[in-house]
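These are the residues of each chain, in order.
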Amino acid sequence: GGNSYTGGTTVSNGATLNIGNGGAGANIVATDSIINNGNLVFNSSTPITIRGFNGTISGTGNIEDKGTGVVDAVGYGNTYTGWILIDSGATFQFSVGNEGLGPTSLFPITNNGTLYMERQDFGVFIITNNIVGTGKVVKDTRGNSGDVSLFGTNTYTGGTHIGVGSIILGDG
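### With respect to the overall build of the protein chain
Of the regular secondary structure elements, the protein chain holds zero helices and 18 strands. The C-alpha atoms of the protein chain give 15 Å as radius of gyration, which agrees with the globular expectation for 172 residues (16 Å, within 12%). Seen through its C-alpha atoms, the protein chain measures out along the principal axes to roughly 45 × 30 × 30 Å. Carbon and sulfur atoms make up 50% of the accessible area of the protein chain, which amounts to about 7,500 Å² in all.

Written as structure tokens, this is what we have:
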């Protein structure tokens, strides 16, 4: 259901916060910070957006995207360091326009769904994590001509789709 509280959300070490149960209408206050030191699980058939200067995710916890609704986790100051798991049928986006930061962890991104990135700037959005799994990587199908740099050793098998702009592989 809908959440309307303010003041942020904290997921403690060892705890799991499930946002949704696979159906429609799951949400979380999108303009306040989430401190995730446990497991943050998104499972909704409708989009979930965490975005803006205060809409950030931090902490040492893990993120799992299980639902068919797009998870738009594009906070300006995301600093979470846990792993990311994108399940089959799920879409996870942590970049739009000139907003969003790539993950700051050293863990691989396990992508069995769709990892979506959209940029309008150049040389700024860099993912150093390895991307693994059976999912696809999509760069911008909405018209922003910027670039995304993938510096990890990527072994995902679902293909790469570049709608507009470019993907830079390796750190030169």
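### Considerations on the sheet that holds strand β2 (residues 16-19)
Read from one edge of the open sheet, six strands run β2-β4-β7-β9-β11-β14, paired in parallel fashion. The sheet terminates laterally at β2 and β14 (131-132), the two strands that pair on one side only.

### Some thoughts on the sheet that holds strand β3 (residues 34-36)
Taken in spatial order, the three strands of this open sheet run β1-β3-β6, and their pairing is parallel. A single partner strand is all that each edge strand has here, and the edge strands are β1 (9-11) and β6 (57-58). Pairing of β3 with β6 involves two bridges; the strand directions are parallel. In the strand pairing of β6, I35 is matched with S58.

### Remarks on the side chain of D72
Assignment of secondary structure puts D72 in strand β8 (residues 71-75). By relative accessible area, which is 11% here, D72 ends up buried. The residues touching D72, leaving out its near neighbours within four places in the chain, are I48, T49, I50, R51 and Q93.

### Let's talk about the nonpolar core
Counting residues in hydrophobic clusters, the biggest one holds 29 residues, and the most contacted among them are F42, I57, F92, F94, I109, L115 and M117. When contributions to this core are tallied by element, the ones reaching two or more residues are β4 (39-42), β5 (48-52), β8, β9 (84-86), β12 (114-117) and β16 (147-150).

### Focus: the confidence of the model for the protein chain
For the protein chain, the mean per-residue pLDDT works out to 87, and 92% of the residues sit at or above 70. Per-element confidence in the protein chain ranges from a low mean pLDDT of 79 for β5 to a high of 96 for β14.

### Quick look at the pairing of strand β15 (residues 136-139)
In the sheet, β12 pairs with β15 via four bridges, with the strands oriented parallel. Following the sheet pairing, L115 is matched in β15 by V137. In this structure, β15 lies alongside strand β17 (residues 160-162), joined through three bridges in parallel fashion. If you follow V137 over to β17, its bridge partner there is T160.

### Focus: the packing of aromatic side chains
Enumeration according to the criterion identifies two aromatic pairs in this entry. Taking 5.7 Å as the distance between ring centres and 80° as the angle between the ring planes, the aromatic pair formed by F92 and F94 counts as edge-to-face. Look at F94 and you get buried, because its relative accessible area is 0%. Each ring, one from F94 and one from F125, has its centre 5.7 Å from the other, and the planes form 45°; the classification is tilted. Taken together, the residues span a long stretch of sequence, with F94 in the loop between β10 (91-93) and β11 (109-111) and F125 in the loop between β12 and β13 (126-127) at a distance of 31 residues. For the pair F94 and F125, one class covers both residues: buried. Cluster of aromatic residues (ring-pair linked, three or more members): F92, F94 and F125.

Reading the values: rules and limits
Residues numbered from 1 in each chain as written. Predicted model: local features only at pLDDT ≥ 70, side-chain atom pairs only at ≥ 80, totals over all residues. Heavy atoms only, no water. Helix = DSSP H or I, 4+ residues; strand = E, 2+ residues; numbered from the N terminus. Rg over C-alpha atoms; globule rule 2.2 N^0.38 Å. Areas by Shrake-Rupley, 256 points an atom, 1.4 Å probe, with all protein chains shown as cover. Pairing = 2+ DSSP bridges. Buried < 20%, exposed > 50% of the residue type's maximum accessible area, 1.4 Å probe, protein only. Contact = heavy atoms within 4.5 Å. Core = buried A, V, L, I, M, F, W, Y, C linked by side-chain atoms within 4.5 Å. pLDDT = per-residue confidence, 0-100. Phe/Tyr/Trp six-rings, centres within 6.5 Å; stacked < 30°, edge-to-face > 60°.

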